[in-house]
Amino acid sequence: SEWSGHKYVGEFRNNKKHGQGTYTYADGDKYIGEYKDGKLNGQGTYTFANGDKYIGEFKNDKYNGQGIFTFSVNSKFSGDKYIGGFKDNKKNGYGIYTYADGSKYVGEYRNDKKSGHGSYTLADGSNYTGEWKEDQANGRGTFSYPDGKSYSGEYKNGKPYGKSTKNWLNGTSQEGIWRGELKAQ
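(A) Region of the structure containing the overall build of the protein. If you tally the helices and strands in the protein, you get zero helices and 16 strands. Its C-alpha radius of gyration of 22 Å places the protein more than 25% over the 16 Å reference for a compact globule of 185 residues. Per-residue burial over the protein gives 33% buried out of 185 residues. Sequence separation of at least 24 residues holds for 4% of the intrachain contacts in the protein that already meet a minimum separation of 6. As displayed, the protein has an accessible area near 10,900 Å², and 48% of this comes from carbon and sulfur atoms. The positive charge centre, built from 28 side chains, and the negative charge centre, built from 22, are 3 Å apart in the protein.

Structure representation (structure tokens):
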């Protein structure tokens, strides 16, 4: 049967999982937490068979609200961790994503992508702070290099675009119109 190998230990109401419970799935996934009318609702911990783990709020069987998602060594995102808002199983609202290589994004998400205002610091210390859209720098922002140089201006699809200023360590700067990495004028 489709439920073969599944196991639920917990509270019921009206023949539905309701209250505290533990559900072990045949594939090795496991949920420990609150249920409402047969669905994951409230606080809980969902551990995947590969070791990935979500701890936080659930609504209607999905991550909704505040939570922590930790990727296991068996995941393609091994060592990464996200702390922040979720909506319908996707990163949404304010969050902090720490990458295994030491890079970190702190800012807004929309529909699982960096969108809105955020700051991304790479492992080498370089940093982009500004506007994001669809996981790319879009709008006003500043990219700072570890050696102190910086670029401030408009970005489009992750690249400098439009009126901007590049600043060098010796205090000089260059204003211009940029299209990607090349100065257009």
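(B) Examining the pairing of strand β14 (residues 159-167) more closely. In this sheet, β14 lies alongside strand β13 (residues 150-156) in antiparallel orientation, the contact comprising six bridges. Within β14, the residue paired with Y151 across the bridge is K166. Counting the residues between successive antiparallel strands, the hairpin from β13 to β14 contains two residues, one of them, N157, with a positive phi of roughly 55°.

(C) Region of interest: the pattern of salt bridges. Summed over all chains, the structure comprises five salt bridges. Where D112 meets K91, a salt bridge forms, and the shortest distance between an N and an O atom there is 3.2 Å. One end of the pair, D112, is in the loop between β9 (104-110) and β10 (113-121); the other, K91, is in strand β8 (residues 90-98), with 21 residues separating them in the sequence. Its relative accessible area of 31% is what places D112 among the partly exposed residues. With its nearest N and O atoms 3.4 Å apart, the salt bridge here joins E154 to R140. Taken together, the residues E154 in strand β13 and R140 in strand β12 (residues 136-144) connect sequence positions 14 residues apart.

(D) Summary view of the packing of aromatic side chains. A complete count under the given rule lists 30 aromatic pairs for this structure. Look at Y128 and W132: their rings are 5.2 Å apart centre to centre, the planes differ by 85°, and that puts the pair in the edge-to-face class. Relative accessible area serves as the criterion here: at 10%, W132 is assigned to the buried category. On the numbers, 4.9 Å between centres and 75° between planes, the contact of Y128 with Y155 is edge-to-face. Of the two residues, Y128 sits in strand β11 (residues 127-133) while Y155 sits in strand β13, which places them 27 residues apart along the sequence. When its relative accessible area of 4% is taken as the criterion, Y128 is described as buried. The class of Y155 is buried, set by a relative accessible area of 8%. Cation over ring: K91 sits above Y82, and NZ or CZ is 5.9 Å from the ring centre.

Cut-offs applied
- Residues numbered from 1 in each chain as written.
- Predicted model: local features only at pLDDT ≥ 70, side-chain atom pairs only at ≥ 80, totals over all residues.
- Heavy atoms only, no water.
- Helix = DSSP H or I, 4+ residues; strand = E, 2+ residues; numbered from the N terminus.
- Rg over C-alpha atoms; globule rule 2.2 N^0.38 Å.
- Buried < 20%, exposed > 50% of the residue type's maximum accessible area, 1.4 Å probe, protein only.
- Contact = heavy atoms within 4.5 Å.
- Areas by Shrake-Rupley, 256 points an atom, 1.4 Å probe, with all protein chains shown as cover.
- Lys, Arg positive; Asp, Glu negative; His and termini not counted.
- Charge placed at Lys NZ, Arg CZ, Asp CG, Glu CD.
- Pairing = 2+ DSSP bridges.
- Salt bridge = Lys/Arg side-chain N within 4 Å of Asp/Glu carboxyl O.
- Phe/Tyr/Trp six-rings, centres within 6.5 Å; stacked < 30°, edge-to-face > 60°.
- Lys NZ or Arg CZ within 6 Å of the ring centre and 35° of its normal.

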